[in-house]
Amino acid sequence: MSKLLVTGGAGFIGANFIRYWLSKYSQDSIVNLDKLTYAGHPENLLSLEKSSRYSFIKGDITNKADVDSAIKNVDIVVHFAAESHVDRSIEDPMTFIKTNVLGTGVLLDACLRQGRKRFHHVSTDEVYGELGPRDLPFNEKSPLNPRSPYAASKAGSDLIVKTYYTAYGLPVTITNCANNYGQYQDSEKLIPRFITKLLSNNKVPLMSEGENIRSWLAVVDHCRAIDIVLKKGKIGETYCVGGEEKTNLEITKSILKILEKDDLWIDFVWNRAVNDFRYALDDSKIRKLGWKPKHDFEHWLKDTVEWYKNNKWWWKKSSLKQSFIDFKRTFLHNN
Ligand SMILES: NC(=O)c1ccc[n+]([C@@H]2O[C@H](COP(=O)([O-])OP(=O)(O)OC[C@H]3O[C@@H](n4cnc5c(N)ncnc54)[C@H](O)[C@@H]3O)[C@@H](O)[C@H]2O)c1
């Protein structure tokens, strides 16, 4: 019977993780510490509000008092809270540095002071930088080479986590994961953005020719990966969690096909200042722990589209806000 502190549990992956964990481990309980930024949606966990095994604290991971009170009596910390959008990081890097670097430090420090808590840090493949078309996938030994303020702030947090193991023996693990997709993802990210645009009868803004390649993993498979690392991972170690490689154009075409629309719904737009060409991960290390993805891309993408179709109430407001941001970015780019 464990008590977990999940940070950023009102966000996309955090909310999926809380649902996953509470339904799998019926004796465990979870405290969710979330600042509720634009990316935090408390309604993601509405159905858990009455559960005695779930509680929510509105607070900031960069605030020592908030963290100290949330972490009391907790056995394990699973750290998702972050500023997570690359475009925003290029526009406002300081917020990313504060939340992702300082916030992680505040959490680690509290873990150390309050009884050497088990700490799992959720990170991204973007810390390794970009690959060329024929390069071998990154693995845990690849040098960190971040190219956006988002990726740099996550790389910084990864390094700090490691030093709390080497310098203080704090029991930490890290997962660096590929792009996730699934239900409850904010419409600023590629897949939900394109789905919600098309469901609102708007064209999808695809950067450049859509040639950039990302690896994609169903969010539930990411939750399973964190679970296995918490149960079987070696303390102090990092695990890469990979996905299926697809170009952004392939993703777009798959979504169009599911929604029975043609290529005329694609609007090819300007490219942002930093748009890494390709991400891919060699995840053989975590596979040795017994993990492998259960959900194939085409099938799970269909389920995701279906969820957005059936849950317009969830995304309507944020997708309107996103359309305004898209308009502003295009205006600034063209002028
Ligand atoms: N989305 C992906 O594809 C992906 C892939 C690999 C790794 N990750 C990592 O997984 C984690 C979660 O990603 P996500 O997509 O769910 O992000 P998200 O943006 O959907 O959610 C982030 C959550 O953190 C909260 N938050 C932000 N600043 C906070 C602060 N100062 N204090 C407390 N809470 C704060 C937000 O309110 C939100 O609920 C991040 O650390 C991200 O770097 C994401």
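Reading guide: rules and limits
Residues numbered from 1 in each chain as written. Predicted model: local features only at pLDDT ≥ 70, side-chain atom pairs only at ≥ 80, totals over all residues. Heavy atoms only, no water. Pairing = 2+ DSSP bridges. Helix = DSSP H or I, 4+ residues; strand = E, 2+ residues; numbered from the N terminus. Axes fitted to C-alpha atoms, helices over the stretch in contact; angles between N-to-C directions. Contact = heavy atoms within 4.5 Å. Salt bridge = Lys/Arg side-chain N within 4 Å of Asp/Glu carboxyl O. Buried < 20%, exposed > 50% of the residue type's maximum accessible area, 1.4 Å probe, protein only. Phe/Tyr/Trp six-rings, centres within 6.5 Å; stacked < 30°, edge-to-face > 60°. Lys NZ or Arg CZ within 6 Å of the ring centre and 35° of its normal. Near = heavy atom within 4 Å. Polar contact = N/O pair within 3.5 Å; in protein donor to acceptor, adjacent residues only side chain to side chain. Areas by Shrake-Rupley, 256 points an atom, 1.4 Å probe, with all protein chains shown as cover.

We now examine the sheet that holds strand E7 (residues 179-181). The strand order across the open sheet built from 3 strands is E7-E9-E11, with neighbouring strands paired in mixed fashion. Single-partner strands in this sheet number two, and they are E7 and strand E11 (244-247). When strand polarity is set aside, the average angle formed by the axes of neighbouring strands in this sheet is 45°. Pairing geometry for strand E9 (residues 213-218) and E11, over 4 bridges, is antiparallel. Note that in E11 the partner of Trp 216 across the bridge is Glu 244. Lying over the sheet, helix H8 (residues 248-258) contacts E9 and E11, oriented at roughly 90° with respect to E11. Those strands touched by helix H10 (residues 297-310) are E7, E9 and E11, and its axis lies near 50° from that of E7.

Another point: the sheet that holds strand E5 (residues 118-124). Sheet architecture is open: 7 strands sit in the order E3-E2-E1-E4-E5-E6-E10, paired in parallel fashion. One side of each edge strand has no neighbouring strand; the edge strands of this open sheet are strand E3 (54-58) and strand E10 (238-241). Neighbour to neighbour, the strand axes of the sheet diverge by 20° on average, direction disregarded. Bridge count between strand E2 (residues 29-34) and E3: 5 bridges; the pairing is parallel. In the sheet register, Asp 34 faces E3, and the bridge partner there is Lys 58. Contacting strand E1 (3-7), E2, E3 and strand E4 (76-79), helix H1 (residues 12-24) crosses the sheet at an angle of about 170° to E2.

Our next topic: the pattern of salt bridges. Overall, the coordinates contain 17 salt bridges when judged by the stated rule. Of the charged contacts in the structure, one is a salt bridge between Glu 130 and Arg 147, with a shortest N-O distance of 3.5 Å. With Glu 130 in the loop between E5 and helix H5 (149-166) and Arg 147 in the loop between E5 and H5, the pair connects residues that are 17 residues apart, well separated along the chain. By relative accessible area, which is 36% here, Arg 147 ends up partly exposed. Between Glu 306 and Lys 309 there is a salt bridge, with the nearest N and O atoms lying 3.9 Å from each other. Here Glu 306 and its partner Lys 309 are both found in helix H10, 3 residues apart, which amounts to about one turn of the helix. By relative accessible area, Glu 306 is classed as partly exposed at 38%.

Attention now goes to the packing of aromatic side chains. According to the stated counting rule, one finds 14 aromatic pairs in the structure shown. Ring plane angle 80° and centroid distance 6.4 Å describe the contact between Phe 96 and Tyr 150, whose orientation is recorded as edge-to-face. With Phe 96 in helix H4 (residues 93-113) and Tyr 150 in helix H5, this pair connects stretches of sequence that are 54 residues apart. For Phe 96, a relative accessible area of 2% gives the class buried. Between the aromatic rings of Tyr 164 and Tyr 168, the centroid separation amounts to 4.9 Å while the plane-to-plane angle is 50°, which identifies the pairing as tilted. In textbook terms, an aromatic cluster arises when at least three aromatic residues are bridged by ring pairs, as seen for Phe 17, Tyr 20, Trp 21, Tyr 25 and Phe 80. Its end group placed over the ring of Tyr 25, Lys 231 keeps NZ or CZ at 4.1 Å from the ring centre. The ring of Trp 265 is capped by Lys 261, whose NZ or CZ atom sits 3.9 Å from the centre of that ring.

In this section: the site of the ligand. Taken together, 28 residues lie around the ligand, and Ile 13, Asp 34, Ser 84, Tyr 150 and Lys 154 are the ones closest in. Contacts to the ligand include Thr 37, whose backbone N or O atom sits 3.0 Å from an oxygen atom. Within the side chain of Tyr 150, one N or O atom sits 2.6 Å away from an oxygen atom of the ligand. Protein coverage of the free-state accessible area of the ligand, which is 830 Å², stands at 97%. Broken down by element, the residue count for the shell around the ligand peaks at 3 residues, all from E5.

Note that all results are geometric; they support no functional claim without further evidence.
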